[in-house]
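# Observations on the model geometry
Read off the chains here:
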Amino acid sequence: MLNKEAEGSFEKGYQALEDNNWREATAFFEAALTLERRLSPKSPQARYRSYYGLCIGLAKKRHQDAIRMCQSAVQLERYNPDLHWNLGRVLYEAGRKREAYRVFLRGVK
């Protein structure tokens, strides 16, 4: 079941991302993760992890943290191509182009 507050933060983060406002998007995605962790006994949703990872990788250049966050999201939802796309983007930005290419291909399958 979705947490309304966390989902609201995620949606605002996604809109900020669409508007290329990386700093704001990062804050909203982080808030979604925090709210989900606080209010839900299970681990945060994969998409919350993935988009937060994307933001910290591309905006803050924290590539290793971003890769770990995105990989954990992909492990939870291997069927979700958006999560593969985010991981591939972070890998590419980190200079790991061959690995990014393989992730993109897995996401297409």
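Refer to the structure presented above.
In short, a report on the structure. All figures in this text were calculated on a predicted structure; none of them were measured in a lab.

## Observations regarding the overall build of the protein chain
Looking only at helices and strands, the protein chain has 6 helices and 0 strands in total. Listing the helices and strands of the protein chain from first to last along the sequence gives α-α-α-α-α-α. For 109 residues, the compact-globule formula gives about 13 Å, and the C-alpha radius of gyration of the protein chain, at 13 Å, lands near that figure. Across its three principal directions, the C-alpha atoms of the protein chain cover 40 × 25 × 20 Å. Put simply, the protein chain has 109 residues, and 45% of those count as buried. In the protein chain, 49% of the contacts between residues at least 6 apart in sequence involve partners at least 24 apart. In the structure as shown, the protein chain presents an accessible area of about 6600 Å², 50% of it carried by carbon and sulfur atoms.

## Some points on the packing of aromatic side chains
On inspection of all chains with the given rule, the structure shows 7 aromatic pairs. Taking 5.6 Å as the distance between ring centres and 75 degrees as the angle between the ring planes, the aromatic pair formed by Y14 and Y51 counts as edge-to-face. Placement of the pair is Y14 in helix 1 (residues 4–18) and Y51 in helix 3 (residues 46–58), with a sequence separation of 37 residues. Of the residues examined, Y14 reaches a relative accessible area of 34% and is grouped as partly exposed. Relative accessible area serves as the criterion here: at 9%, Y51 is assigned to the buried category. Taken together, F10, Y14, F29, Y48 and Y51 form an aromatic cluster joined through their ring pairs.

## A few points about unusual backbone geometry
Keep in mind that most residues, glycine aside, have a negative phi and that most peptide bonds are trans. Of note in the backbone geometry, N20 takes a positive phi value of approximately 60 degrees without being a glycine. Looking at the secondary structure, you find N20 in the loop between helix 1 and helix 2 (22–39). Even without being a glycine, K61 presents a positive backbone phi close to 60 degrees. Within the fold, K61 resides in the loop between helix 3 and helix 4 (63–76). Exposure remark for K61: the relative accessible area of 46% places this residue in the partly exposed category.

## Looking at the pattern of salt bridges
Summed over all chains, the structure comprises 5 salt bridges. The salt bridge partner of K61 is E93, with a shortest N-O separation of 2.8 Å. You can see K61 sitting in the loop between helix 3 and helix 4 and its partner E93 sitting in helix 5 (residues 81–93), a full 32 residues away along the chain. Take E93: its relative accessible area is 34%, and that puts it in the partly exposed class. Several salt bridges share partner residues, and in doing so they unite R62, D65 and R68 into one network.

What counts, and where the lines are drawn
Residues numbered from 1 in each chain as written. Predicted model: local features only at pLDDT ≥ 70, side-chain atom pairs only at ≥ 80, totals over all residues. Heavy atoms only, no water. Helix = DSSP H or I, 4+ residues; strand = E, 2+ residues; numbered from the N terminus. Rg over C-alpha atoms; globule rule 2.2 N^0.38 Å. Buried < 20%, exposed > 50% of the residue type's maximum accessible area, 1.4 Å probe, protein only. Contact = heavy atoms within 4.5 Å. Areas by Shrake-Rupley, 256 points an atom, 1.4 Å probe, with all protein chains shown as cover. Phe/Tyr/Trp six-rings, centres within 6.5 Å; stacked < 30°, edge-to-face > 60°. Salt bridge = Lys/Arg side-chain N within 4 Å of Asp/Glu carboxyl O.

The analysis is restricted to geometry; functional conclusions fall outside its scope.
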